[in-house]
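These are the residues of each chain, in order.
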Amino acid sequence: MKNHFTTRPNLTIASLILVLSGCASNPEPAPATILSGEEMLRESQGIASLGGRWKQGKQLVDRGNTLVAEGQNKIDEGRRMIAEGEKVMRESEENYKKIKK
């Protein structure tokens, strides 16, 4: 009989520890909602739309960069032409002054 009484408190303590540890643990997360086929289709179309818009934006950026590079080349060519033209004008004026003397 003595053994029976010592086992019962030990079981009670062990049960109490298990109950308390179960209460102290994080609650189990709610199960994820299952998407219907229509919801999945709507979401995938929205994502595809975003991808399409991104692609359009990328094309605009690339085209703009190309135009800027072409514009810079034209500016450089224009400056070269101005410098050469000013040189020709200056030489012509100098030659005119020499002839005039």
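Below, the structure is looked at part by part.

Reading the values: the criteria
Residues numbered from 1 in each chain as written. Predicted model: local features only at pLDDT ≥ 70, side-chain atom pairs only at ≥ 80, totals over all residues. Heavy atoms only, no water. Helix = DSSP H or I, 4+ residues; strand = E, 2+ residues; numbered from the N terminus. Buried < 20%, exposed > 50% of the residue type's maximum accessible area, 1.4 Å probe, protein only. Areas by Shrake-Rupley, 256 points an atom, 1.4 Å probe, with all protein chains shown as cover. Salt bridge = Lys/Arg side-chain N within 4 Å of Asp/Glu carboxyl O.

1. Here's the deal with the overall build of the protein
Next, step 1: Within the protein, the regular secondary structure consists of two helices and zero strands.
Next, step 2: The buried share of the protein, taken over its 101 residues, is 0%.
Next, step 3: Total accessible area on the protein is roughly 9,900 Å²; 62% of this is exposed by carbon and sulfur atoms.

2. A short note on the pattern of salt bridges
Next, step 1: Taken as a whole and judged by the stated rule, the model has three salt bridges.
Next, step 2: For Arg80, the salt bridge goes to Glu84, with nearest N and O atoms at 2.9 Å. Residue Arg80 and its partner Glu84 are both found in helix α2 (residues 37-100); the two are separated by four residues, about one turn of the helix.
Next, step 3: The class of Glu84 is partly exposed, set by a relative accessible area of 46%.
Next, step 4: By sharing partners, the salt bridges in this structure join Glu77, Arg80 and Glu84 into a single network.

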